[in-house]
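Structural characterization, general
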Amino acid sequence: VLRSLGIPTRVITNFNSAHDTNINLSIDKYVDTSGKTLHLTEDSVWNFHVWNESWFIRRDLGSFYDGWQVLDATPQERSKGIYQCGPASTRAIKEGDVNLDYDSSFVFAAVNADYVTWIHYSKKRKERIYSDTRKIGKFISTKAVGTNARVDVTANYKYPEVKEISFKISYSQYKNSLMDDRKILVTAL
């Protein structure tokens, strides 16, 4: 329909698509002390999910958010009381601007949520035992114009995953860095 109106539109497929039902930007899995999965959340990870993108100028959000916008014709959650999703700016999603209207937090989670496993001891006590920041939002793709080739558009939705680099500093360096932080805080007050 949007194409027939002259609005550029394309289909997007997101592999390992998160479905974050409570919008805490993580997919939480709970297990008991024996490792048995507990069904305490409706969060899930789908093999893939498909939505549309359309090219809009965003006078309501500002020109920074112009460009491709996510529109999901098959939302599984209500947004503002009805089943709808979007138009969420892909720029907002990439930049982590999850407080904007139009479901940007939901789409951000779909492509970039952390996958977290918790041991659930009681209603008041749980412990995080595993966190994977790279599992969600893989091979975000569209079809190339004029061919059946896949075009990877992951970079439109998220920055490249970086490897964690461990390094050691001496206690004196650490202590000096704390002093520098304190100077900045005092100056700011």
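Rules used throughout
Residues numbered from 1 in each chain as written. Predicted model: local features only at pLDDT ≥ 70, side-chain atom pairs only at ≥ 80, totals over all residues. Heavy atoms only, no water. Pairing = 2+ DSSP bridges. Helix = DSSP H or I, 4+ residues; strand = E, 2+ residues; numbered from the N terminus. Contact = heavy atoms within 4.5 Å. pLDDT = per-residue confidence, 0-100. 1 Å grid on protein atoms, 1.4 Å probe; cavity = no way out; pocket = protein on both sides within 12 Å on 5 of 7 lines; lining within 4 Å. Points joined across faces, edges and corners; volume = space filled by probe spheres on them. Nonpolar A, V, L, I, M, F, W, Y, C, P; charged D, E, K, R; others polar. Core = buried A, V, L, I, M, F, W, Y, C linked by side-chain atoms within 4.5 Å. Buried < 20%, exposed > 50% of the residue type's maximum accessible area, 1.4 Å probe, protein only.

Going by what an unreviewed UniProt entry lists, the protein chain is known as TGM3L glutamyltransferase and is assigned to Ciccaba nigrolineata.

So, on to the sheet that holds strand 11 (residues 138–143). Working definition: the strands of a sheet are paired by backbone hydrogen bonds and lie parallel or antiparallel to each other. Spatially, 8-5-4-1-11-12 is the arrangement adopted by the 6 strands of the open sheet, whose pairing is antiparallel. Each edge of the open sheet carries a strand with a single partner, namely strand 8 (88–89) and strand 12 (150–152).

To continue, consider the side chain of Thr13. Mapped onto the secondary structure, Thr13 falls in strand 1 (residues 9–19). The residues touching Thr13, leaving out its near neighbours within four places in the chain, are Phe48, His49, Val50, Phe139, Ile140 and Ser141.

Looking at the protein chain as a whole, its pLDDT mean stands at 85, while 84% of the residues score no less than 70. Taking the mean pLDDT of every element in the protein chain, the minimum, 54, falls on helix 4 (residues 171–188) and the maximum, 97, on strand 12. Ignoring residues within four places in sequence, the model shows residues 184–189, a span with pLDDT below 50, making 0 contacts including any to other chains.

Think of a ball as big as a water molecule: rolled over the atoms, this probe shows where empty space is left. One pass over the full model with this rule turns up 1 cavity of 30 Å³ or more. A volume near 120 Å³ is recorded for the largest cavity. Along its surface, the largest cavity is lined by 15 residues, and Ala18, His49, Asp72, Phe106 and Ala110 are the ones closest to its centre. Listed by contribution, the elements that provide at least two residues to the lining of the largest cavity are strand 1, strand 4 (44–56) and helix 2 (104–112). In terms of residue class, the lining of the largest cavity is built from 9 nonpolar, 5 polar and 1 charged.

The next thing to look at is the nonpolar core. Counting residues in hydrophobic clusters, the biggest one holds 14 residues, and the most contacted among them are Val70, Ile93, Val107 and Tyr157. Sorting elements by how many residues they give to this core places helix 2 first, with 4 residues. Every residue in contact with Tyr157, bar those within four places of it in the chain, is listed here: Ile12, Trp51, Glu53, Val70, Thr90, Ile93, Lys94, Val107, Val111 and Ile140. Counting residues in each nonpolar core, the second largest holds 6 residues, with Ile27, Ala113, Tyr115 and Ile136 among its members.

This next bit is on the sheet that holds strand 10 (residues 126–132). Reading across the sheet, the 4 strands line up as 3-2-9-10 and stay open at both edges, with mixed pairing between neighbours. Looking at strand neighbours, the two that pair on one side only are strand 3 (37–38) and strand 10, the edges of this open sheet. Alignment of strand 2 (residues 26–31) against strand 3, held across 2 bridges, turns out to be antiparallel. Note that in strand 3 the partner of Tyr30 across the bridge is Leu38.

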